[in-house]
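Structural description and commentary
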Amino acid sequence: MSSNPLRESWVKPVPEVKYLNADNVGRYRLIMRYFYDCHTKLKYWLRPEDVYSTVSSWDVLDDYTLEQCQRDLDVLTEWKNLSSRHDGGRANTIEEYLRKRYRYQMTPYAIEIERMLDSLEKIHGYGGSLEPTLLERIAGYVRAIAASDVSSRPNEALQLWRDLQGAFQNLHENASDYLASLQTARAEEWMLTEQFLLYKDTLTHYLQNFMVGLQKYGSQIEGLLRGTPESAWGPFLTAVVAEELRLPSLDDLPTEDDLLELRREEWAIFRQWFIGTDFEASDVVFLERATKESIGRFVRYAMAIQEKQRVGVSRRRELDFLGKWFLSLESSEDAHRLGAAVFGLFKPRHFQGEPPGTTDSADLSMWDELPIERELSSRSRIRRRGGGVEPIRNRSREQQKAREVFFEKKGREDALVQVWLKRGSFSMADLNGLSGEERRLLLGWISRCLLSKSRYFRTPDGYEVRLFAPDGSERAQVCFDDGELDLPNFRLEVKEARRA
C-alpha cells in the first residue's frame, strides 16, 4: 500500500513558524513584516543594510545594531523563512567579494504566514454577510455546467469550476460567520437596548431577503443536480483536471488520478450541501432554519423592549374605548373576532393525553377530532375531609375489553407478518394499496433496522428482519388508503429465526 506524501507532511514539524514564539520574537517579526511590505511592492531581494536602517527607524527596538540584524537574518534563513544569495555585484575589491555579502528574499511559506498574520490583525468580530446574489450565481454556474459541451470548449471548464468554487466558498463562509456573529454575547447585549428597535426592521428585512433567495435558488440548484444524470458531471471534471495539468507551473503538481479524485471529493461536498443524503437533510435546510430562528429572536427581543417601555403607562383610555367597542357589537361572533384580533390566542399551559387516532391524515383539523375527557382535581389549598370509605372499583370489564383490543390488534399484525413472511424478500416499489396499520408496522421495522449498525433486528415472535439500502438515490412511491409516501427503495428480507 503506497503512502500519501501529503499526509506524511502533516506529521512533520514546521520550522517556518518558530520566529513567532522565539526569544527575540519582536526583532524577528519586525524584520519579516518589512520583508512582506516590500514583497507587496514587488521588491524582493533586500540587503542587510536596508533591513537594519528601516527597522531601526521605527523606534521600537533599543540599542539595535547592524551585527544583531545580520545574526537575525542568518537565524531566519536557517529556519527557512528567508532564502539568501551571494551579492557579488557590489564588490570593488577581492576582499569585499570574499566577505560573502548576501541579499535575502522571503520563502513561499513565510509569505503565506505573514499574509495570514496581516489578515488576523484586521479581524474585528465574525464579519460575514448574507448575499442571495451568490446563490443566483451558483445556480447560473450549475446550469452552465449541465448545458455545456466540454468537448467543444475545453478551455472554459477550468474557469467555470473556479467561479463555482469561489462563489460556493464565499456563500458558506460568509453565511456561517454572519449567523455566528448574531449569537455572540455582544449581540445579545445590543438586542436588549432601545437602539435595537431602530435597526430591527432593517435587520429583519435583510434576513428575510436572504431566506427568500435561499428558498428560490436553493430549490433550483437542487432540481438541476437531481435532474441531470451523473454521467454529465464526469466529463466536466475530467476537462477541469486536464486544463489544470496543461497550465505551466514550477511547483510539483499531483498526479492526474490524485487531482481527479480531489475534484470529485469537492464536487461531492458541493452536491451534499444542496441535496443532502438519504439520512440527513441538506445544509440549505439548516441554513434556512438558523435564519428563521434569528428572525424570531429579533421579534421577541423587540417585543420585550416595547413591553418594558409600556410598564407604568396608564391604559385606562384604551381599555375604556375597547369596552365600548365590545358593547356596540350585536353578535357574539363579531365579539369573538374582535377578541382574537386584540388579544390573540391564549397560551395553553398543558397538553395531556393522546387523540383517539381515528386517522393519520395531516389535513384533518384538531376541531374534528373526538374530545379527550380528563377528570380535574381541586387545586384549592383548603384541605377537605374525606366523605367516607370508598369502595374498591372492579375494573375487570375494562381490563377484559383492553385485552380483547390488544389481542385483536396482535392478530392483525401476525396476519400481516405471515403475508410478508411468505414473500420472503420485497422492495418498497413492490408494495401498493396498503392500510394505515400496515404502514405503521412497515415504518416501525425500517426505523428499527436503521437504528442498528447491522441493519437487522429480531421480533419478539422470532422473525428476523433485515434491511438493504438501495443503490444510489433510487426512490419509491408507496400508495396507502389515506395518501402516498415517498421513501428510498429499501428492500426488506423477512424469515424465521434459526433455533439454537
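The structure contained in this document is the topic of the report that follows.

1. Focus on a nonpolar patch on the surface
Together, V14, V17 and Y109 make up a nonpolar patch on the protein surface, roughly 260 Å² of accessible area in all. Along the chain, V17 falls in the loop between α1 (5-10) and α2 (25-40). For V17, a relative accessible area of 35% translates into the label partly exposed.

2. Quick look at the packing of aromatic side chains
If you walk through the whole model with that rule in mind, you get 16 aromatic pairs. For the ring pair W233 and W267, a centre distance of 4.8 Å and an interplane angle of 45° mean the geometry is tilted. Here W233 is found in helix α11 (residues 233-246), whereas its partner W267 is found in helix α12 (residues 256-275), with 34 residues between them in sequence. The exposure class assigned to W267 is buried, which follows from its relative accessible area of 5%. Ring geometry for W420 against W445: centres 5.5 Å apart, planes inclined by 65°, an arrangement best described as edge-to-face. With W420 in helix α16 (residues 396-423) and W445 in helix α17 (residues 436-451), the pair connects residues that are 25 residues apart, well separated along the chain. You'll find W420 and W445 in the same group, each marked buried. Counting every residue linked through ring pairs, the aromatic cluster contains W161, F168, W233, F236, W267, F270, W273 and F274. Positioned over the ring face of F480 is R439, at 5.2 Å from the centre of the ring.

3. Quick notes on helix α14 (residues 316-328)
The end-to-end C-alpha separation of α14 is 18 Å, in line with the 18 Å expected for 13 residues at 1.5 Å each. Taking burial as the measure, the 13 residues of α14 include one buried ones, a minor fraction of the element.

4. Looking at empty space enclosed by the protein
The full count for this structure, using the stated rule, is one cavity of 30 Å³ or more. The space that makes up the largest cavity amounts to roughly 30 Å³. What lines the largest cavity is simply F35, H39, K43, Y44, Q105 and M106. Going through the elements one at a time, α2 and β2 (102-106) are the ones with two or more residues in the lining of the largest cavity. Split by residue class, the lining of the largest cavity holds three nonpolar, two polar and one charged.

5. Details of the pairing of strand β5 (residues 463-468)
Two elements, strand β4 (residues 456-458) and β5, share three bridges in a ladder whose sense is antiparallel. Directly across from F457, in β5, lies its bridge partner V465. When β5 meets strand β8 (residues 491-496), the two strands line up antiparallel, connected through six bridges. Counterpart to R466 in the pairing with β8 is E493.

Parameters and conventions
- Within each chain, residues carry numbers counting from 1 in the order of the written sequence.
- Owing to the predicted nature of the model, reporting of local features is limited to residues with pLDDT of at least 70; listing and counting of side-chain atom pairs is limited to 80 or more, with chain, interface and lining totals taken over all residues.
- To get the side-chain values, all heavy atoms of the structure are used, and hydrogens and water are removed first.
- What goes into a patch is any residue over 30% in relative accessible area without a salt bridge, connected to like charges within 9 Å or, for nonpolar side chains (Val, Leu, Ile, Met, Phe, Trp, Tyr), within 5 Å.
- Here, Shrake-Rupley sampling with a 1.4 Å probe gives the accessible areas, and only protein chains in the shown set may cover a residue.
- Any carboxyl oxygen of Asp or Glu that lies within 4 Å of a side-chain nitrogen of Lys or Arg is treated as forming a salt bridge with it.
- By the criteria applied, helices consist of DSSP H or I runs no shorter than four residues and strands consist of E runs no shorter than two, each listed in order from the N terminus.
- Each residue's exposure class comes from its accessible area (1.4 Å probe, protein chains only) as a fraction of the maximum for that residue type: buried when under 20%, exposed when over 50%, partly exposed otherwise.
- For Phe, Tyr and Trp, where Trp contributes only its six-membered ring, two rings pair if their centres lie within 6.5 Å, and the inter-plane angle classes them as stacked under 30 degrees, edge-to-face over 60, or tilted in between.
- Geometrically, a lysine NZ or arginine CZ counts as sitting over a ring once it is within 6 Å of the ring centre and also within 35 degrees of the ring normal.
- Between the first and last residue of a helix there are one fewer steps than residues, each counted as 1.5 Å, and that sum is the expected span.
- Cavity means a closed set of points on a 1 Å grid over the protein atoms alone, one where a 1.4 Å probe fits but cannot get out, pocket means an open set with protein on both sides within 12 Å along at least 5 of 7 lines, and lining means a residue has an atom within 4 Å of a point.
- Grid points are joined across faces, edges and corners, and a volume is the space filled by probe spheres set on the points.
- In the scheme used here, Gly and all other residues not listed as nonpolar or charged are polar, with Ala, Val, Leu, Ile, Met, Phe, Trp, Tyr, Cys and Pro taken as nonpolar and Asp, Glu, Lys and Arg as charged.
- Pairing between two strands is assigned when DSSP locates at least 2 bridges connecting them.

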